[in-house]
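Understanding the architecture of this molecule
In case you want the letters, here they are:
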Amino acid sequence: MASEEMEQLVRREYKDGFVTDIESDTLPPGLDENTIAFISNKKGEPEWMLEWRLDAYRQWLKMKAPSWAHLDYPPIDYQSISYFSAPKRPEDRPQSLDEVDPKLLETYEKLGIPLHERAALAGVAVDAVFDSVSVATTFKKQLGEAGVIFCSISEAIRDYPELIKQYLGTVVPVADNYFAALNSAVFTDGSFVFVPEGVTCPMELSTYFRINAANTGQFERTLIICESRAQVSYLEGCTAPMRDENQLHAAVVELVALDDAYIKYSTVQNWYPGDENGVGGIYNFVTKRGDCRGDRSRISWTQVETGSAITWKYPSCVLRGKESIGEFYSVAVTNGRQQADTGTKMIHIGEGTRSYIVAKGISAGRSNQSYRGLVKIGPRAKGARNFTQCDSLLIGDKCGAHTFPYQEIGNSTATIEHEATTSKIGEDQLFYCQSRGISEEDAVSMIVNGFCKDVFQELPMEFAVEAEALLNVTLEGAVG
Amino acid sequence: MLQVNDLHVSVEGNEILKGLTLTIKAGEVHAIMGPNGAGKSTLSAVIAGKDGYEVTQGTITFEGKDVLEMEIEERAQAGLLLGFQYPVEIPGVKNIYLLKAALNAQRVARGEGEMPAPEFMKLVKEKLGYMKMDASFLQRAVNEGFSGGEKKRNEILQMLVLQPKLAMLDEIDSGLDIDAMKVVADGVNSLRAEDRAILLVTHYQRLLDYIVPDKVHVLVDGRIVKTGDAELAKQLEANGYEGIEESVA
């Protein structure tokens, strides 16, 4: 197949949503201590929280944006960003699905998103709409009976200050990195989950069901705590394309697992990647870290990344507890001019700790992506084990894939295995499928889904189905 | 059924087929033999529509339709199926999934609609038994980690399930031990039917002891230089291709 055809096949347009007109209650662009005081005040935060933010801000001022990633973007002017905008008033949103871009709705259709959820996703004023409110209320009741706390981070700061003081910033310290420090200073939204000792959360938690989560914040802050023997599965994001006027997203996610606790964190990220030239896409600079603080605790990250113009993201595990386990399963798809530098860090501190990394990268168009992984085995991590597998799949001949595995081994009893492959989506594979009567598009999606299978099977069921549909839409040829 | 007329094919500017003419009728089994580099595999690849082959002259028609105008998948849907010499591995895609996708794509293209799952499973199990393959094959990724013999059997399994009108088998005997070859040959023989033709491309005569062809063509330097019946293959085995080349020259 000629490479132009190949390109045609993977080209897609992003079906963008509506563009909004009027913002209300929005801070003018700019960042200083007054901005932070304004945010803190708006959120009704106590004094200590403001101090925490200001401390982060002061440290951030002394830091420099990282330049080591294999990414290319113009310097960001942090003074040109507005750091607070209240949720849009219902009257400023589309009033019904009729006012929403039909192309966006078409995508929802293809992804199999239920009708009543499409409205919320498309930003339709939801007050009058559907059961989601009652669904969420039912969930709240069930969670409450189990003793699980699931609320926005702002509510948690007001209602559970002791837990926040005890855990916030203990996994990702305020000055951990440039973007984390910025987030600590100005975060405005995010989730808080607390699962008490011995409780298995009775349902999968999803931001989706958290009311007011429709407009995801630019600087999200999420904190999930599982006490001893507690378990939770948390789903972030959704497969539907999300349009956002905020170009820079710098989220921080902290997970804490105590003895025998298990946290499974799954992400499907599909932010706007920009147009064909990458203009207008989201910059997604995320710090995600899990702390296996307790013995035999386990934290599992699973992610499917298809969106954003630029992705800078390394969900990591600090394996402190004895025999704790860290896992990272990732599928990253880049197309057009997208750039992704993603991977994980597994820091083995405790004895007998284990980590498992499966990273699958798919590059198409003129996109570029890198896997960057660190496996660090400390001197006390006797008998630690790591297995890493990273595979890259190239579609067409104008894209790139790079692998940067780092290993720091501090003791001789550790076992490290690393496997890496790079393959071009075989014209041979395509020909093989097509010569059996399967269309080119179906063949590509079959091959790509096969390539991602190891990761998809780690996703919660509904997410896995959605992720497959998402890949098909993402790699669709002449869209529509 | 298949009519190849004065076919000239180049690969990267080198002419491989230099005016090949061949007619295959329904119900016939044809074998194309020839020395390495004669263009045997090129012929089946061009008929199936593989990229990288430039047809500079000549025509291929299948049941009256211009094959060269058809997309790769359309050729398969029309009933032209190629069994690969080197079947491709597709990690993560289950064998059964490929079979089902292929069968249904062909059926839908022919307006027959998808085959119901129970019927499909019954069909596949029956054919598996024929190829002496274990049901676990279906759950393994397509050709991944298959031995040479398993890959070849899998190709024939696909033929048995997909039931093409013209089955083209490229060096289906290469790398097979005698037992595996018998199984493969049995599978191919079971495909023989009045409304179906088979085109075997092979380097060795040995396969033709098990699958007896109606016609044998000797391909040398891009042209068919001699056509005969199964006896011709035996002569080739005895005298080699050089003898033929000399007799033609």
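Residues numbered from 1 in each chain as written. Chains lettered and ligands numbered in written order. Predicted model: local features only at pLDDT ≥ 70, side-chain atom pairs only at ≥ 80, totals over all residues. Heavy atoms only, no water.

As for the overall build of chain A
Within chain A, the regular secondary structure consists of twelve helices and 19 strands. Here chain A holds 480 residues, and the buried ones make up 59% of them. Of the accessible surface of chain A, which amounts to about 19000 Å², a share of 49% is contributed by carbon and sulfur atoms. (Helix = DSSP H or I, 4+ residues; strand = E, 2+ residues; numbered from the N terminus. Buried < 20%, exposed > 50% of the residue type's maximum accessible area, 1.4 Å probe, protein only. Areas by Shrake-Rupley, 256 points an atom, 1.4 Å probe, with all protein chains shown as cover.)

Description of the interface of chain A and chain B
The interface of chain A with chain B comprises 20 residues on the first partner and 31 residues on the second. Together, the buried faces of chain A and chain B total about 2000 Å²; carbon and sulfur atoms form 64% of this surface. Ranking the residues of chain A by area buried against chain B places F431, Y432 and R436 of chain A at the top, with a combined share of 40%. Inspection of the chain A/chain B interface yields two salt bridges. For K50 of chain B, the salt bridge is made with D428 of chain A, and the minimal N-O distance between the two is 3.2 Å. For the pair chain A and chain B, the interface holds eleven residue pairs in polar contact (both at pLDDT 80 or more). Listing elements by their share of the side of chain A that touches chain B, those giving two or more residues are α10 (427-434) and α11 (440-456) of chain A. Broken down by element, the residue count for the side of chain A that touches chain B peaks at seven residues, all from α10 of chain A. (Contact = heavy atoms within 4.5 Å. Buried area = accessible area lost by both parts, 1.4 Å probe. Salt bridge = Lys/Arg side-chain N within 4 Å of Asp/Glu carboxyl O. Polar contact = N/O pair within 3.5 Å; in protein donor to acceptor, adjacent residues only side chain to side chain.)

Description of the sheet that holds strand β4 (residues 54-62) of chain B
Residue and element names in this part refer to chain B. Read across the sheet, four strands follow the order β2-β1-β4-β5 without closing on themselves; strand pairing throughout is antiparallel. Single-partner strands in this sheet number two, and they are β2 (14-24) and β5 (65-66). The sheet contact formed by strand β1 (residues 2-11) and β4 spans seven bridges and is antiparallel. Residue H8 lies in a different strand from β4, and its bridge partner there is Q57. (Pairing = 2+ DSSP bridges.)

A closer look at unusual backbone geometry
All names here are of chain B. With a phi close to 45°, D6 is a non-glycine residue in the positive phi region. Within the element layout of this structure, D6 appears in strand β1. Judged by relative accessible area, D6 falls into the partly exposed class, the value being 30%. One non-glycine residue, N143, lies in positive phi territory at about 60°. Along the chain, the position of N143 falls in the loop between β8 (141-142) and α6 (148-162).

Thoughts on the pairing of strand β13 (residues 325-334) of chain A
In regular strands, side chains alternate between the two faces of the sheet. All names here are of chain A. Burial runs high along β13: ten of the ten residues are buried. Both faces of β13 are covered, namely the face carrying I325, E327, Y329, V331 and V333 and the face carrying G326, F328, S330, A332 and T334. With eight bridges connecting them, strand β10 (residues 298-305) and β13 associate as parallel partners. Within β13, the position partnered with I299 by the bridge is G326. Relative to strand β15 (residues 354-363), β13 runs parallel, the two being bridged by ten bridges. By the bridge assignment, V331 is partnered in β15 with K360.

Structural notes on α6 of chain B
Taking 1.5 Å per residue as the helical rise, α6 of chain B with its 15 residues ought to reach 21 Å, and the 21 Å between its terminal C-alpha atoms agrees with that figure. Looking one or two places after α6 of chain B, you find Q163 of chain B, whose phi comes out positive at around 50°. (Expected span 1.5 Å × (residues − 1).)

Some details on the sheet that holds strand β12 (residues 223-228) of chain B
All names here are of chain B. Pairing within the open sheet is mixed, and its six strands lie in the order β6-β9-β10-β3-β11-β12. A single partner strand is all that each edge strand has here, and the edge strands are β6 (80-83) and β12. Adjacent strand axes in the sheet meet at a mean angle of 20° when their direction is disregarded. Both strand β3 (residues 29-33) and strand β10 (residues 197-202) contribute to a ladder of five bridges, which runs parallel. When the sheet's bridge partners are listed, H30 is paired in β10 with L199. Against the sheet, α6 touches β6 and β9 (166-170), its axis set at about 165° to β6. (Axes fitted to C-alpha atoms, helices over the stretch in contact; angles between N-to-C directions.)

Some remarks on the pattern of salt bridges
Residue and element names in this part refer to chain A. This structure, assessed with the given rule, holds 24 salt bridges over all chains. Notably, a salt bridge pairs R58 with E33, separated by 2.9 Å at the nearest N-O pair. One end of the pair, R58, is in helix α3 (residues 47-61); the other, E33, is in helix α2 (residues 33-42), and 25 residues separate them in sequence. Of the residues examined, E33 reaches a relative accessible area of 32% and is grouped as partly exposed. A single network of salt bridges, built from pairs that share partners, joins D291, R293 and R320.

Here's the deal with the environment of H418 of chain A
Residue and element names in this part refer to chain A. Mapped onto the secondary structure, H418 falls in strand β19 (residues 415-424). When its relative accessible area of 31% is taken as the criterion, H418 is described as partly exposed. Taking the C-alpha atoms as reference points, H418 and F387, 31 residues apart in sequence, are found 6.0 Å from one another. If we skip the residues at most four places from it in the chain, H418 touches T388, C390, P405 and Q407.

Regarding helix α3 (residues 95-109) of chain B
Residue and element names in this part refer to chain B. Here α3 spans 21 Å end to end across 15 residues, near enough to the 21 Å set by a 1.5 Å rise per residue. Buried within α3 are the following residues: N95, I96, L98, L99, A102, L103, N104, Q106 and R107. Downstream of α3 by a residue or two, G111 has a phi angle that is positive, lying close to 80°.

Brief notes about the state of the cysteines
All names here are of chain A. Tallying each qualifying case throughout the model produces zero disulfides over all chains. Distance from the sulfur of C201, which forms no disulfide, to the nearest cysteine sulfur (C226) is 8.1 Å. By relative accessible area, which is 10% here, C201 ends up buried. (Disulfide = S-S within 2.5 Å.)

Some details on the packing of α6 of chain B against helix α7 (residues 178-191) of chain B
Angle between the axes and distance between the axes are the two parameters that describe a pair of packed helices. All names here are of chain B. The contact between α6 and α7 brings their axes to 10 Å, and the two run at 15°. Classed by the angle they form, the pair α6 and α7 counts as roughly parallel. Seen along the crossing, α6 lies across α7 with a hand that is left-handed. Taken together, the residues of α7 that come into contact with α6 (itself represented by K152, R153, I156, M159 and L160) are V183, V184, G187, V188, S190 and L191. Class assignment of the residues belonging to the contact of α6 with α7 gives a composition of seven nonpolar, two polar and two charged. (Parallel < 35°, antiparallel > 145°, perpendicular 65-115°, else oblique. Left-handed = near helix turned anticlockwise from the far one by under 90°. Nonpolar A, V, L, I, M, F, W, Y, C, P; charged D, E, K, R; others polar.)

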